[in-house]
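# Descriptive structure summary
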Amino acid sequence: MKYVDEFRDGALATGLARALAREVDPGRDYAFMEFCGGHTHAISRYGVADLLPPNVRMIHGPGCPVCVLPIGRVDMAIGLALARPEVILCSYGDCLRVPASDGLSLLKAKARGADVRMVYSAADALALAVREPAREVVFFAIGFETTTPPTALVLREAATRRLANFSVICNHVLTPPAITAILDSPAASRLGALHLDGFIGPAHVSTLIGSRPYEAFAARYRKPVVIAGFEPLDVMQAIRMLVRQVDTGRAEVENEFTRAVVRDGNPKAQAIVSEVLALRDEFEWRGLGVLARSALRIRPAFAPWDAEAKFGLDYRPVPDHRACECGAILRGVKKPTDCKLFGTVCTPETPMGSCMVSSEGACAAHYNYGRFRDVPVHVVGTSAPPNPDQETA
Amino acid sequence: MCLAIPARIVELLAGDQCRVELGGVRKEISLALVDGAAVGDYVIVHVGYALTRLDPEEAAQTLALIADAGIDPARALGGEHPALGAAR
Ligand code: SF4
């Protein structure tokens, strides 16, 4: 596939790895956070971490939309779908498996009789409302700046068509406040100091918001940000650019993903979003706590299509599973293997926390692609217990 | 769910829709978020919507930069990295 395969080329990756090894300062350690779940996925899947010099460490950030969705918001959707048989609750596939209260998820609520459906796009949810005029179609919308414009578009279209049986539970969150929260919030420092030398900025989020929103952040916190594409070569080249900034004492916003990201982003998409959605005063993030001005709500002009207003839904915060370390993992202060449940009680088939649900979550990415790196090799015939996850040949 | 892929526009359809091809698969997506996209352009597709157009010149420049990394300045006698030719 064009624009995909070239950026996965093995020979080029080897060259980049050699260049990095040559260029890093052996006398110091580098710790960079990839904010975005797409990068977490790419780093795990293509073994990028194995190609890095030993003194360069990558830390997974909170940029997986499913992982930062608090239990209380999922409870809200489940409660609505179970209480009102006329409701068809639809959402993106990853959302349906997020563990919520009482051992439920949207998928398990479906088994209990709720009408829950998976959609590929917001447009599919709107089309469902047109096809089912006797039902109430509620779209549970989640995601960062990438999935927000489609939600805004369908809301505007529902309003234009006066489609009375369609509404949205808006859970859209914003990237820049989350990055700020990682370095800034008192809650973050309670969990232990996090040493970070810079950030890999999101790929597709940045196609929409541009590189400009990170500029104030880089200057204020003296942390370099390099926006990178999602392919392994993009990530490695971005790490190289970060190393150069650190070594030369710069803290700037640089763009590795110039084939898709410009400084001002996509103005057409931004205009649609601000026409339909506005900033919430505050929003609770799983792992990061309540962050001011970090999420979007539906504007009053579109209230008839706002499910929270339409059905009088209330948000009740719910604490995470006691042993789940998602909170600390999302802040970068712990690794998936630090969690007692990782790989035993909690697996992608039976996720206990949200980081295990989506393939972009730190726990799921590590489980699927990276965990054997950390598992000591057992010699056959010793008394060591077999690894339950390992398939027998 | 953040995963999004570059796909080539093969046909413009009514109502801001278009058909794209990726890896031999054709799919109808929305162009409502991008202006002026034409058949042959590559767009980044996410949850059924094109987010932006891909700039082929910038893509080539990034690849050239990455290929340059493979040249060890201590050993290089000049000339292009062989992998660059393959990537182009
Ligand atoms: S392994 Fe499971 S329970 Fe532990 S932090 Fe990850 S998602 Fe939470």
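Please read these numbers as outputs of a predicted model, since none were measured by experiment.

### Here's the deal with the confidence of the model for chain B
All names here are of chain B. Residues of chain B with pLDDT of at least 70 account for 76%, and the chain-wide mean is 81. Looking across chain B, the model is least confident in helix α2 (residues 82-87), with a mean pLDDT of 43, and most confident in strand β5 (residues 49-53), with 93. The low-confidence segment residues 78-88, where pLDDT is below 50, has 15 contacts with residues more than four positions distant or belonging to other chains. The complex prediction reports pTM at 0.85, with the ipTM value standing at 0.80.

### Some remarks on the site of the ligand
The full set close to the ligand counts 13 residues, and Cys324(A), Glu325(A), Cys339(A), Cys346(A) and Cys363(A) are the nearest of them. For the shell around the ligand, a count of residues per class yields eleven nonpolar, one polar and one charged.

### Focus: the pairing of strand β11 (residues 282-285) of chain A
Consecutive side chains of a regular strand alternate in pointing toward one face of the sheet and then the other. Residue and element names in this part refer to chain A. The side-chain alternation of β11 yields one buried face, formed by Phe283 and Trp285, and one unburied face, formed by Glu282 and Glu284. Two elements, β11 and strand β12 (residues 289-292), share four bridges in a ladder whose sense is antiparallel. Following the sheet pairing, Phe283 is matched in β12 by Leu291. In this antiparallel pair of consecutive strands, β11 and β12, the connection spans three residues, and Gly287 shows a positive phi of 85°.

### Quick look at the pairing of strand β3 (residues 87-91) of chain A
Residue and element names in this part refer to chain A. Within β3, five of the five residues are buried, leaving the element largely enclosed by the surrounding structure. Here β3 shows two buried faces, one formed by Val87, Leu89 and Ser91 and the other by Ile88 and Cys90. Bridge count between β3 and strand β5 (residues 136-143): four bridges; the pairing is parallel. When the sheet's bridge partners are listed, Ile88 is paired in β5 with Val137. Pairing geometry for β3 and strand β4 (residues 115-118), over four bridges, is parallel. The residue of β4 that forms the bridge with Cys90 is Arg117. In the classification by handedness, the crossover that spans β3, the intervening helix α5 (residues 106-111) and the parallel β4 is right-handed.

### Concerning the packing of helix α1 (residues 10-23) of chain A against helix α1 (residues 56-69) of chain B
Between α1(A) and α1(B), the shortest axis-to-axis distance is 7 Å and the interhelical angle comes to 60°. Considered as vectors, α1(A) and α1(B) are oriented oblique to each other. Residues Leu12(A), Gly15(A), Leu16(A), Ala19(A) and Arg22(A) of α1(A) form the contact with α1(B), whose own contacting residues are Leu63(B), Ile66(B), Ala67(B) and Ala69(B). Each residue belonging to the contact of α1(A) with α1(B) can be placed in one class, and the counts come to seven nonpolar, one polar and one charged.

### Notes on the sheet that holds β3(A)
Residues and elements named next belong to chain A. A sheet is described by the order of its strands in space; here four strands give the open sequence β4-β3-β5-β6, paired in parallel fashion. For this open sheet the edge positions go to β4 and β6 (166-172), each flanked by a neighbour on one side alone. Neighbour-to-neighbour, the strand axes of the sheet open up by a mean angle of 20°, direction not taken into account. Sheet strands touched by helix α4 (residues 71-83): β3, β4, β5 and β6. Its angle to β6, the strand with the most contacts, is close to 165°. Against the sheet, helix α7 (residues 148-160) makes contact with β5 and β6, and its axis sits at roughly 155° relative to β6, the strand it touches most.

### Remarks on the interface of chain A and chain B
Each partner contributes to the interface: chain A provides 50 residues, whereas chain B provides 42 residues. When chain A packs against chain B, close to 3800 Å² is buried across both sides, 68% of that on carbon and sulfur atoms. Scanning the region where chain A abuts chain B turns up one salt bridge. Taking the shortest distance from any N to any O, the salt bridge between Lys268(A) and Asp35(B) comes out at 2.9 Å.

How each quantity is defined
- Residues numbered from 1 in each chain as written.
- Chains lettered and ligands numbered in written order.
- Predicted model: local features only at pLDDT ≥ 70, side-chain atom pairs only at ≥ 80, totals over all residues.
- Heavy atoms only, no water.
- pLDDT = per-residue confidence, 0-100.
- Helix = DSSP H or I, 4+ residues; strand = E, 2+ residues; numbered from the N terminus.
- Contact = heavy atoms within 4.5 Å.
- Near = heavy atom within 4 Å.
- Nonpolar A, V, L, I, M, F, W, Y, C, P; charged D, E, K, R; others polar.
- Buried < 20%, exposed > 50% of the residue type's maximum accessible area, 1.4 Å probe, protein only.
- Pairing = 2+ DSSP bridges.
- Right-handed = clockwise from strand over helix to strand, strands pointing away.
- Axes fitted to C-alpha atoms, helices over the stretch in contact; angles between N-to-C directions.
- Parallel < 35°, antiparallel > 145°, perpendicular 65-115°, else oblique.
- Buried area = accessible area lost by both parts, 1.4 Å probe.
- Salt bridge = Lys/Arg side-chain N within 4 Å of Asp/Glu carboxyl O.

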